[in-house]
Each structure stands twice: as structure tokens, then as C-alpha cells.
Amino acid sequence: MKASDKYTAETITELYTWAPNLFSFKTTRSQSYRFIAGQFARLGVEGDHGELVWRAYSICSAPYDEFLEFYSIVVPDGAFTSRLAQLKVGDQVLVEKKNYGYLTTDRFECGKDLWLLSTGTGLAPFLSILQEFDTWEKYENIVLVHSVRYRHELAYQEFIHSFKENELFTEYAHKLKYVPLVTRDQAERSMLNDRITNLLTNGELEAHVGLPIDRERSRVMICGNPDMVQETRQILTDRGLTVSLRGKPGNLAVENYW
Ligand SMILES: Cc1cc2nc3c(=O)[nH]c(=O)nc-3n(C[C@H](O)[C@H](O)[C@H](O)COP(=O)(O)OP(=O)(O)OC[C@H]3O[C@@H](n4cnc5c(N)ncnc54)[C@H](O)[C@@H]3O)c2cc1C
Ligand SMILES: NC(=O)c1ccc[n+]([C@@H]2O[C@H](COP(=O)([O-])OP(=O)(O)OC[C@H]3O[C@@H](n4cnc5c(N)ncnc54)[C@H](OP(=O)(O)O)[C@@H]3O)[C@@H](O)[C@H]2O)c1
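Each chain has its residues counted from 1, running along the sequence as written. Whichever chain is written first is A, and whichever ligand is written first is 1; the rest continue in order. Since the coordinates come from a predicted model, pLDDT governs what is reported: local features require at least 70, and pairs of side-chain atoms require 80 or more to be given and counted, while whole-chain, interface and lining totals use all residues. Side-chain metrics rest on all non-hydrogen atoms present in the structure, leaving aside hydrogens and water.

Moving on: unusual backbone geometry. Although it is not a glycine, Asp-77 sits at a positive phi angle of roughly 65 degrees. The way it works is that DSSP assigns letters per residue, a run of H or I at least four long becomes a helix, a run of E at least two long becomes a strand, and they are numbered from the N terminus. Tracing the sequence through the fold places Asp-77 in the loop between strand 5 (67–73) and helix 1 (81–84). One non-glycine residue, Tyr-156, lies in positive phi territory at about 65 degrees. Mapped onto the secondary structure, Tyr-156 falls in the loop between strand 8 (141–148) and helix 4 (157–161). The class of Tyr-156 is buried, set by a relative accessible area of 7%. For every residue, the accessible area (1.4 Å probe, protein chains only) is compared with the maximum for its type, and the residue is labelled buried under 20%, exposed over 50%, or partly exposed between those bounds.

Each Phe, Tyr or Trp ring, with Trp reduced to its six-membered ring, pairs with another whose centre is within 6.5 Å; inter-plane angles below 30 degrees give stacked pairs, above 60 give edge-to-face pairs, and intermediate values give tilted ones. Scanning the model with the defined rule gives 17 aromatic pairs in all. Both rings, one in Tyr-7 and one in Trp-54, keep their centres 5.1 Å apart while their planes meet at 55 degrees; by these two values the pair is tilted. On the criterion of sequence distance, the pair formed by Tyr-7 in strand 1 (residues 7–19) and Trp-54 in strand 4 (residues 52–58) is long-range, its members being 47 residues apart. Between Tyr-71 and Tyr-156, the ring centres sit 5.4 Å apart and the planes meet at 80 degrees, which makes this aromatic pair edge-to-face. Taken as a pair, Tyr-71 in strand 5 and Tyr-156 in the loop between strand 8 and helix 4 lie far apart in primary sequence, 85 residues in all.

Source of the domain bounds: an automatic or database domain assignment. Entries for the chain in the domain assignment read domain 1 (7–96) and domain 2 (105–256). Between the C-alpha centres of domain 1 and domain 2 there is a distance of 24 Å. Contact criterion: two residues are considered in contact whenever any of their non-hydrogen atoms come within 4.5 Å of each other. Of the residues lining the interface, 23 residues belong to domain 1; the matching set on domain 2 comes to 15 residues. The term buried area refers to how much accessible surface (probe radius 1.4 Å) is lost by two components on association, counted for both of them together. Both faces combined, the contact of domain 1 with domain 2 buries some 1,500 Å², and carbon together with sulfur accounts for 58% of it.

A few words on helix 7 (residues 226–238). Here the expected length of a helix is defined as 1.5 Å per residue gap, with one fewer gap than residues. Across its 13 residues, helix 7 extends 18 Å between first and last C-alpha, which sits within 8% of the 18 Å expected from 1.5 Å per residue. Within helix 7, burial applies to Pro-226, Met-228, Val-229, Thr-232, Ile-235 and Leu-236. On its buried face, helix 7 sits against strand 7 (113–119), helix 5 (196–201), strand 10 (218–224) and strand 11 (252–256). Any pair of nitrogen or oxygen atoms within 3.5 Å is treated as a polar contact; in protein, a donor-acceptor pairing is required on top of that, and neighbouring residues in sequence qualify only through side-chain atoms on both sides. For helix 7, the N-terminal cap is Asn-225; the gap from its side-chain oxygen to the backbone nitrogen of Asp-227 is 2.8 Å.

On to the pairing of strand 11, then. Whether two strands pair depends on DSSP finding at least two bridges between them. Alignment of strand 10 against strand 11, held across five bridges, turns out to be parallel. The residue bridging Gly-224 from the neighbouring strand is Asn-256, located in strand 11. The β-α-β motif built from strand 10, the intervening helix 7 and the parallel element strand 11 has right-handed crossover chirality. Seen with its strands pointing away from the viewer, a crossover is right-handed if its path from the first strand over the helix to the second goes clockwise.

Right, let's talk about the site of ligand 2 for a bit. Nearness here has a simple test: a residue counts as near a molecule or strand if at least one of its heavy atoms is within 4 Å of that partner. In the region of ligand 2, 18 residues are neighbours, and Ser-147, Thr-183, Arg-184, Arg-195 and Asn-225 sit closest. In the model, a nitrogen atom of ligand 2 is placed 3.5 Å from a nitrogen or oxygen of the Met-228 main chain. Isolated, ligand 2 exposes 870 Å² of accessible area, and the fraction of that covered by the protein chains is 74%. Buried and open spaces are told apart on a 1 Å grid over the protein atoms alone, a cavity being a set of points where a 1.4 Å probe fits but cannot get out and a pocket being an open set with protein on both sides within 12 Å along at least five of seven lines. Residues with an atom within 4 Å of a point are the lining residues. If over half the atoms of a molecule are within 2 Å of the grid points of a cavity or pocket, the molecule is regarded as sitting in it. Placement of ligand 2 is best described as lying within the largest pocket. At the level of elements, strand 8 and helix 7 are the ones that each hand at least two residues to the shell around ligand 2. Any residue that is not Ala, Val, Leu, Ile, Met, Phe, Trp, Tyr, Cys, Pro, Asp, Glu, Lys or Arg is counted as polar, Gly included; the first ten are nonpolar and the last four charged. For the shell around ligand 2, the residue count by class is five nonpolar, seven polar and six charged. Per-residue and other accessible areas were derived by the Shrake-Rupley procedure at a 1.4 Å probe size, with only the shown protein chains allowed to occlude residues.

In this structure, Glu-10 sits in strand 1. Buried charged residue Glu-10 carries no salt bridge. Nearest counter-charge: Arg-29, at 8.3 Å. In terms of polar contacts, Glu-10 uses its side chain to reach the side chain of Thr-8, at 2.7 Å. Within the structure, Glu-10 has its side chain in polar contact with the side chain of Thr-28 (distance 2.6 Å). Not counting the four nearest positions on each side in its chain, Glu-10 is found in contact with Thr-27, Thr-28, Arg-29, Ser-30, Asp-91, Gln-92, Val-93 and Val-95. Neither His nor the chain ends is counted toward charge; the positive residues are Lys and Arg and the negative residues Asp and Glu. A carboxyl oxygen of Asp or Glu within 4 Å of a side-chain nitrogen of Lys or Arg is what we treat as a salt bridge.

Taken together, the neighbourhood of ligand 1 is formed by 19 residues, with Ala-56, Tyr-57, Tyr-71, Thr-81 and Thr-121 sitting nearest. For ligand 1, a nitrogen atom lies 3.1 Å from a polar atom in the backbone of Ser-58. One of the backbone N or O atoms of Phe-80 is found 2.8 Å from an oxygen atom in ligand 1. Protein chains bury 76% of the 860 Å² of accessible surface belonging to ligand 1 in isolation. Judged by the fraction of its atoms near the pocket grid, ligand 1 is located in the largest pocket. Contributing elements (two or more residues each) for the shell around ligand 1: strand 4, strand 5 and strand 11. At four residues, the largest contribution of residues to the shell around ligand 1 is made by strand 4.

What follows is the structure, encoded as C-alpha cells:
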């Protein structure tokens, strides 16, 4: 696959399998590729008949990293992921030169608490946002909620816990409250095991974290399953929160994955 004026060809440098349906990979990064934490890239692979197949992928790595990292589902018979899942270290992926997306913290005027609500691979943009010092400086609390069906799908746990040991983040790490949710497996006793939507409706999520969600103090980003995004957005707009628009900052920013 060759680069063009629209995209570069990047090389896969690392692959990591979390579960049969979940993996992460790193690629080289063109020096001229720019993005803001929370944005997504458009990736291209060659399909079965030589055609290029393109899909949106949130970037997990930090804007200051020299590589790009992505976290992917494998959809059975998916045109993109069934091909992507066959790639190996040394193979190439195309990356559009343009960066995309509005799931970025600059959409908010500062609040006290940043809530990052995700399902499945919707965790990805929040991994990048968490690596920005600005995020930790601006907010008093950062709540990362990751909802998955099964316990083994709780990817990046070690990375999330590592902020505590990372000397660059030691003064901030106490701000992070990580809430893994497992909805179809037996969860550990200390864990909540229900959907984000149910836990918001019955107040258990806020009670568990010890923070209320309200329009004054909360800024909420929602990413992943479109039904979850839509229902969560509805629950929160019913409570007076508004979606951030260009020139009209609100409390919510959302991204649907399909
Ligand atoms: C803005 C944006 C960012 C995205 N970022 C990521 C990302 O970081 N990681 C990632 O894995 N995917 C991401 N996606 C989804 C991705 O673009 C593709 O849909 C996915 O790679 C599957 O491609 P496919 O051709 O194999 O299947 P598709 O034909 O694209 O999808 C088939 C079906 O698979 C399911 N599906 C698709 N994507 C997912 C998913 N991520 N998790 C669970 N079920 C899914 C849906 O039911 C969908 O209808 C993102 C999508 C958008 C719009
Ligand atoms: N994960 C697997 O083992 C598996 C296996 C085969 C195929 N797939 C395919 O992979 C795709 C889904 O993968 P996934 O597990 O990452 O995504 P998912 O179905 O979006 O589930 C991820 C998390 O989101 C929750 N969720 C789903 N809908 C919600 C809603 N409306 N409101 C609140 N929370 C909601 C789920 O809870 P619930 O558990 O309550 O739904 C789960 O905790 C599907 O297309 C599926 O066909 C997945």
C-alpha cells in the first residue's frame, strides 16, 4: 500500500491481544500528523479484493507520543476488523492525514468534575485524554467509567492504575476514580455490575463515586455503544445538562461508534 496526498502508510510496531475479540496496536506516526486528545483517525486497510476499506478509530496514545496507538474490537465478518485482525508487526495501515472529532475537553468551560463514560472500545479516546496534564490540572476529580460485558474485557486496567505510580502524575493521581462495570459476569464484591444508564437512573453511580452529577460542577463525555450514548444523554439532559456546541459550551460531549 502506498502513501498518497490524503494519507500516509504507517507500520505496525506492536500488537497486544486482550481477548479473542479485542486487541490493541501501535503504529509509526508521521511527524506531520497532529491531533487533540479525544480525536479519531481514519484508518485504511486493503480488503479481500484489493479495495481500500476505511474506518474511524479513536487514538489512545497521547498527542505528544511518537507513535499512534489504537484499541480495536474484532467484529465477526466485519469488512475492516476481520482484515485488521490478520495484520502482524511490520505490516502497514493507512492513516488519513486529517484528524477528526469533537470529543475533546476544549469543548467545555471548566467545571469541577470530568466524567468519562464508556462502553467497550469507547474507552479509547479517554486513554488519550488521561495522558494530558491539562486535564488533570483543570479538574478536581476525573471519573472514568468503563462498562463491558465480561470481566476479561476490562482492558487497560494496569495502565489506568499506573497513574498512581507514575512520578509525572503523582500530585494528580488521587483525582482519578476508576469505575469498571461488568454487566454479564460475576463482578467482584466491591464493583457495581449494572449498565451506566441504570446506575445513573437509580443514583448508585454517583453514590459509589461520592460525587453528584449536576450542570454546575460536571462535564461529561460519553463514548461507545450508540444506544448507551443516546440513553445516557437523555438521562442527563433531563437533569438540565446540555450538549456543548460550537460557541455555546455546555456539559456534555458525545461520540457514537456505530
Ligand atoms: C468516531 C468513531 C470512532 C471509532 N473508534 C473506534 C475505536 O477506537 N475502536 C474500535 O474498535 N472501533 C471504533 N469505531 C468503530 C469502527 O469505525 C468500525 O466500526 C469497527 O472497526 C468495525 O468495523 P468493521 O468493518 O469490521 O464492521 P462494521 O461494518 O463497521 O460494523 C459492524 C457492526 O459491528 C458492531 N461494531 C462496530 N464497531 C464496534 C465497536 N467498536 N465495538 C463494538 N461493536 C462494534 C456494530 O454492531 C456494527 O453495526 C469508531 C467509530 C467511530 C464512528
Ligand atoms: N463481547 C462479546 O463477548 C461479544 C461476543 C460476540 C459478538 N460480539 C459483538 O461485538 C459487539 C459488541 O461488543 P461489546 O461487548 O464491546 O459492546 P456492547 O454490546 O456495546 O457492550 C458493552 C457494554 O455496554 C453496555 N450496554 C450496551 N447497550 C447499552 C445501553 N443501551 N445502555 C447502557 N449500557 C449498554 C453493555 O451492557 P449489557 O451487557 O447489559 O448489554 C456492556 O456492559 C456486538 O456487535 C456483538 O455482536 C461481542
